[in-house]
Amino acid sequence: LFPHMDVAQNVGYGLRQRKVGKAEEKRRVAEALDLVRLGGYGGRRIWEMSGGQQQRVALARALVNRPTVLLLDEPLGALDLKLRKEMQLELKALQQEVGITFVYVTHDQEEALTMSDMIVVMRDGVIQQQGVPDELYERPANRFVSDFIGTSNFIPASLVSFDGASGRATAKTDQGLTVTGRVTDRNAAPIVGARLTIAVRPERVEVLAADDGAGDRPGWTSVTGRIIQGTYLGDQTEYRIHTDQVGELLARRQNAAGTGGALGAGPGDAVTVSWHEDANLILVD
């Protein structure tokens, strides 16, 4: 923003470059400020505005020119976490209100999931996968996408069998554990013996104190381990667990009201870790 101009002058800058009449400029500037919920702020100086308000002034300056596409290149990167989350929701509501395409560049995976109707994940300039948010999260095309969109446990394995009709596969981990799951890449046709990676999201991993016992449940994989670290996150507790069968796992357990996230287990304590076969995302390396 131009510090020597007030808010209205900043917003109307592009219109003045296009030689729009003063009355038309005033009307469109007022409309743009109303759109970003800054009506009545036209006379303010830039240094009198908060960080979030300045971001909205910048948006109004872009929108006043009525573009068909608006490119936003990490526009919230300089904001603190709470304000960034508020602005994410405001931007999404604004996009729906004005009805134009926003191309939004971000390295923040949560921001991408929150903001987007369609996500394109790129690596070194090459598209790895594109689709709606839940498709990329639930069916990542490869390990890079799985690691970028959300957090995953990665377990090395080899293919035992593959049913092309259903897309389901049986694999054996490097430690000898047999698991089944779905191959996320619909175009993949892996051959027996091919190297695979099994991805399991932490929120799909169930962790219980060892003496609770998960029992033998059809379709579930259960391993034993010991807690390395527990981190209280407010609504959930995150556990790092070492297991002999699959190495280190990350699990997230939702905190019940009043429990403070208490599993009743801490570092060094034995636990049982389980997850359903539907949680296994089989990625063809």
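Residues numbered from 1 in each chain as written. Predicted model: local features only at pLDDT ≥ 70, side-chain atom pairs only at ≥ 80, totals over all residues. Heavy atoms only, no water.

1. So, unusual backbone geometry
Most peptide bonds take the trans form, and the phi angle of most residues other than glycine is negative. The phi angle at E74 is positive, at roughly 45°, despite the residue not being glycine. Its location among the elements puts E74 in the loop between strand 1 (69–73) and helix 5 (81–98). Backbone geometry at D124 places phi at a positive 55°, although glycine is not the residue there. With respect to the element layout, D124 can be found in the loop between strand 3 (119–123) and strand 4 (126–131). (Helix = DSSP H or I, 4+ residues; strand = E, 2+ residues; numbered from the N terminus.)

2. Notes on the sheet that holds strand 8 (residues 195–200)
Sheet architecture is closed into a barrel: five strands sit in the order 5-6-7-14-8, paired in mixed fashion. Direction aside, the axes of adjacent strands within the sheet are offset by 50° on average. (Pairing = 2+ DSSP bridges. Axes fitted to C-alpha atoms, helices over the stretch in contact; angles between N-to-C directions.)

3. Structural notes on the pairing of strand 6 (residues 168–173)
Bridge count for strand 5 (residues 153–163) against strand 6 is six bridges, and the pairing is antiparallel. Bridged to L159 within strand 6 is A171. In textbook terms, the turn of a hairpin is the stretch between consecutive antiparallel strands, and for strand 5 and strand 6 this stretch comprises four residues, one of which, G167, has a positive phi near 75°. Direction of pairing for strand 6 relative to strand 7 (residues 178–183): antiparallel, over a ladder of five bridges. For K172, the partnering residue across the bridge sits in strand 7 and is T178. Count of turn residues in the strand 6/strand 7 antiparallel hairpin: four residues, of which G176 carries a positive phi of about 95°.

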